[in-house]
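Chain residues, written in single-letter form:
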Amino acid sequence: MKSTAVAPSNIAFIKYWGKKDEVLRLPENGSISMCLSEMTTTTTVEFSEKYKEDEVIINNQKEELEGSKAVKHLDLIRKRAGITTKAKVVTNNNFPTGTGLSSSASGFAALTMAAANAAGLKLSEKELSIIARQGSGSACRSIPNGFVEWLDGDNSNTSYAQSIHPSEYWDIVDVVTVVSTGKKDVPTSAGQKLAVSSPFFQIRKSHMKNKVKLCKELLAKKDFTKFGELIEAEALEMHAIMLTSTPSLIYWTPGTLQIMKLTKKWRQEGLEVYFTINTGQDIHLIVQSTDVDKLQKELKELDFVKNIIVNHSAKGAYLIQKHLF
Ligand code: PMV
């Protein structure tokens, strides 16, 4: 059977950085995110006896099967469905891949949903989230709708994401600012392993439960100022862990730093905007919907800004009838 799914990328307000179980991808702490409306992956999967080996095409490029994470993920689904049938996978992102915009989150969420359906599995949202997590941790947060919490869990069945508010709950906007098209030099999965080597990692770990709780409280109150302050400080804390790991990880480029500094300046001038950054140079600017035009105007004046993607909160992964092949 052939199935196609669309999944959004997501932006973490409270970040996942460091794993307590490498194979199962159990995170050291819980995290909170929002699904992004304009950054999606569409994936079609077909299991069929006509395929003699798996074929995976990502953004029009055929993937090497040796060591392919997508094939490993198909194996998880095949095991669950009790089949050995080979598959063809075609997947497209509508936004830059490998620059820190979490294409692995939307990618593995879409692959999980499309492959599970194509294999004839009828799975709950929780079960899909658990499987997506094993492809890329943050992918588990791209299955449920809107504002999402990933419960860290202490085993595979208790580590999954669930919606805490639907997408229409709060119209805050993530203006993704692309400052360079270069791909990051250290993949996220390799970076994650270094987290524990930072002397500050245990300190971070000790207060993450409270941070998740506080973030949920501020979301419940829709207190934009306190929420913005919290998520900006959280992004900087995660990057402090990266900067002090051995070897150190520096994902920022001059453009990233310029936007960080400008964010503070714009705030002083009355434009209430906060930044957050993942593993890459591109930067997410969080504003209330009433300030989007003002922010866009500022960004359009900067010649080093390559692209701007205005995201609202979105629903999680879903199936569609239009296939890619
Ligand atoms: O899911 P991964 O392995 O791509 O890791 C995601 C890590 C961050 O994007 C930096 C943080 C997060 O929670 O999304």
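As a reminder, the structure under discussion sits directly above these lines.
Residues numbered from 1 in each chain as written. Predicted model: local features only at pLDDT ≥ 70, side-chain atom pairs only at ≥ 80, totals over all residues. Heavy atoms only, no water.

(A) Molecular detail of the site of the ligand. In the region of the ligand, 13 residues are neighbours, and Tyr16, Ser136, Ser138, Arg141 and Gln192 sit closest. At a separation of 3.1 Å, an oxygen atom of the ligand approaches a polar side-chain atom of Ser136. In this structure, an oxygen atom belonging to the ligand sits 2.7 Å away from a side-chain N or O atom of Arg141. Contact with the protein chains removes 96% of the 380 Å² of surface that the ligand exposes when unbound. Among the residues making up the shell around the ligand, the classes are represented as 3 nonpolar, 8 polar and 2 charged. (Near = heavy atom within 4 Å. Polar contact = N/O pair within 3.5 Å; in protein donor to acceptor, adjacent residues only side chain to side chain. Areas by Shrake-Rupley, 256 points an atom, 1.4 Å probe, with all protein chains shown as cover. Nonpolar A, V, L, I, M, F, W, Y, C, P; charged D, E, K, R; others polar.)

(B) How the structure looks around the environment of Val310. Relative to the helices and strands, Val310 is located in strand β13 (residues 307-311). Val310 gets classed as partly exposed once you look at its relative accessible area, which sits at 21%. Considered as a pair, Val310 and Met39 are 271 residues apart in the sequence and their alpha carbons are 9.3 Å apart. Discounting chain neighbours no more than four positions away, the residues touching Val310 are Ser37, Glu38, Val173, Asp174, Val292 and Gln296. (Helix = DSSP H or I, 4+ residues; strand = E, 2+ residues; numbered from the N terminus. Buried < 20%, exposed > 50% of the residue type's maximum accessible area, 1.4 Å probe, protein only. Contact = heavy atoms within 4.5 Å.)

(C) View of helix α2 (residues 103-118). When the terminal C-alpha atoms of α2 are compared, their 22 Å separation across 16 residues agrees well with the 22 Å that a helix rising 1.5 Å per residue should span. With respect to burial, α2 is a largely interior element, 15 of its 16 residues being buried. Phi for Gly120, located one or two positions after α2, is positive at around 85°. (Expected span 1.5 Å × (residues − 1).)

(D) Focus on the nonpolar core. The biggest cluster of nonpolar side chains holds 29 residues, and the ones touching the most others in it are Val45, Phe47, Leu74, Ile77 and Leu111. Contributions of two or more residues to this core are made by β1 (2-14), β4 (31-47), α1 (69-81), β7 (87-93), α2 and α3 (125-135). Sorting elements by how many residues they give to this core places α2 first, with 9 residues. Not counting chain neighbours up to four residues away, the residues in contact with Ile77 comprise Phe47, Thr112, Ala115, Ala116, Ala119, Leu121 and Ile131. With 26 residues, the next largest nonpolar core counts Ile11, Leu36, Val212 and Cys215 among its residues. (Core = buried A, V, L, I, M, F, W, Y, C linked by side-chain atoms within 4.5 Å.)

(E) Layout of the pairing of β1. The element β1 is largely enclosed, with a buried count of 12 among its 13 residues. Bridge count between β1 and β4: 11 bridges; the pairing is antiparallel. Among the inter-strand pairings, Ile14 is bridged to a residue of β4, identified as Ile32. In this structure, β1 lies alongside strand β14 (residues 318-320), joined through 3 bridges in antiparallel fashion. Bridge pairing in β14 places Val6 opposite Tyr318. (Pairing = 2+ DSSP bridges.)

(F) Examining unusual backbone geometry more closely. A cis amide bond, omega -10°, links Thr246 with the succeeding residue Pro247. If you trace the backbone, Pro247 turns up in the loop between α6 (224-243) and α7 (254-268). Although it is not a glycine, Arg25 adopts a positive phi angle of roughly 55°. Mapped onto the secondary structure, Arg25 falls in the loop between β2 (19-21) and β3 (26-27). Residue Arg25 is classed as buried on the basis of its relative accessible area of 14%. Residues other than glycine seldom take positive phi values, yet Lys222 does so here, at roughly 50°. Residue placement: Lys222 occurs in the loop between α5 (201-221) and α6. A relative accessible area of 38% means that Lys222 is categorised as partly exposed.

(G) The side chain of Gln296, seen in detail. Turning to its location among the elements, Gln296 is positioned in helix α8 (residues 292-300). Once you skip the residues sitting within four places of it in the chain, Gln296 turns out to touch Ile308 and Val310.

(H) A look at the sheet that holds β13. The sheet built from 4 strands is open, its strands ordered β11-β12-β10-β13 with antiparallel pairing. Strands at the two margins of the open sheet, each flanked by one partner only, are β11 (274-277) and β13. Each strand of the sheet is rotated relative to its neighbour by a mean of 25°, with strand direction disregarded. Pairing of β11 with strand β12 (residues 283-288), which is carried by 4 bridges, proceeds in the antiparallel orientation. In the strand pairing of β12, Thr276 is matched with His284. α6 contacts β10 (172-178), β11 and β12 of the sheet and is inclined by roughly 30° relative to β11. (Axes fitted to C-alpha atoms, helices over the stretch in contact; angles between N-to-C directions.)

(I) Spatial organisation of the packing of α1 against α3. Contact geometry of α1 with α3 gives a least axis separation of 9 Å together with a crossing angle of 145°. Considering only the axes of α1 and α3, their crossing is right-handed. Counted together, Lys69, His73, Leu76, Ile77 and Arg80 of α1 and Glu127, Ile131, Ala132, Gln134 and Gly135 of α3 form the full contact between these two elements. Tallied by class, residues from the contact of α1 with α3 come to 4 nonpolar, 3 polar and 3 charged. (Left-handed = near helix turned anticlockwise from the far one by under 90°.)

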